[in-house]
Amino acid sequence: MRVLGVDPGLTRCGLGVVDGGKGRAVRCVAVDVVRTPADADLAHRLLGISDEVERWMDKYKPAAVAVERVFAQHNVRTAMGTAQAGGVVALAAARRGLPVVFHTPSEVKAAVSGSGRADKAQVTAMVMRLLNLEVAPHPADAADALALAICHLWREPMRARLAEAEARAAEMARTHKARLAAAAKEANTAAKQATMNKTKKPGAAR
């Protein structure tokens, strides 16, 4: 399975494509950072990100897209820009019918390093180790994009199995509830019929 990981941002938007193999084997296909000038207007910055993301989707043809989920930050303006960039990526994926999954930073850190509190240096080091990279992806946004793709490759199968199990459990619960309702209805009908038979006077059928 091939995944495009995206660390969204207006100034720097990290992109990383990773192939998943048997077990937990992963391989780096491509990694880069899309940059937009801070003095450009918002619409053109988002357009620049959109164009590059769509070019990557067309070139590398991922099966899914993993995007970092934005949380509230002290800098509201930065958080809004990050969310807008993430929305552009999700829209580009939706146009191609690609599934988009948002992963939290702690989920990504835990997936690649074993700790949800790992810092950027630790995440980068683990990404290099997992992908057998001799040079660290730079800047950190690039390494984060690869980490997102790895996180998705390792977490999604488990998440899919869990969702399937929950769906089966819900279906079994609905079936059981329907059977109970049918049995209750049948018992109620039988009770009414018995009551009618008891109250029926002799000779009424003559």
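If you're wondering where the values come from, they're calculated on a predicted model, not measured in any experiment.

## Some details on the nonpolar core
Here is step 1: In terms of nonpolar packing, the biggest core is built from 22 residues, with Leu4, Val6, Leu15, Met57 and Val65 touching the most fellow members.
Here is step 2: Of all the secondary-structure elements, those providing two or more residues to this core are β1 (2–7), β2 (12–20), β3 (26–35), α1 (42–60), β4 (64–68) and α2 (76–95).
Here is step 3: The greatest single-element share of this core, amounting to six residues, is contributed by α1.
Here is step 4: Beyond its immediate chain neighbours, meaning those up to four positions away, Val65 contacts Leu4, Val6, Met57, Val89, Ala93, Leu98, Pro99, Val100 and Val101.
Here is step 5: Residues Val108, Ala111, Ala147 and Ile150 belong to the second largest nonpolar core, which totals 19 residues.

## A few points about unusual backbone geometry
Here is step 1: With omega at 0°, the peptide bond leading from His138 into Pro139 counts as cis.
Here is step 2: You can see Pro139 is positioned in the loop between α4 (120–131) and α5 (140–199).
Here is step 3: For Lys61, which is not glycine, the phi dihedral falls at a positive 50°.
Here is step 4: For Lys61, the position within the fold is in the loop between α1 and β4.
Here is step 5: Here Asn132, not a glycine, exhibits a phi torsion of approximately 55°, which is positive.
Here is step 6: Considering the arrangement of structural elements, one finds Asn132 in the loop between α4 and α5.

Conventions adopted
- Residues numbered from 1 in each chain as written.
- Predicted model: local features only at pLDDT ≥ 70, side-chain atom pairs only at ≥ 80, totals over all residues.
- Heavy atoms only, no water.
- Core = buried A, V, L, I, M, F, W, Y, C linked by side-chain atoms within 4.5 Å.
- Buried < 20%, exposed > 50% of the residue type's maximum accessible area, 1.4 Å probe, protein only.
- Helix = DSSP H or I, 4+ residues; strand = E, 2+ residues; numbered from the N terminus.
- Contact = heavy atoms within 4.5 Å.

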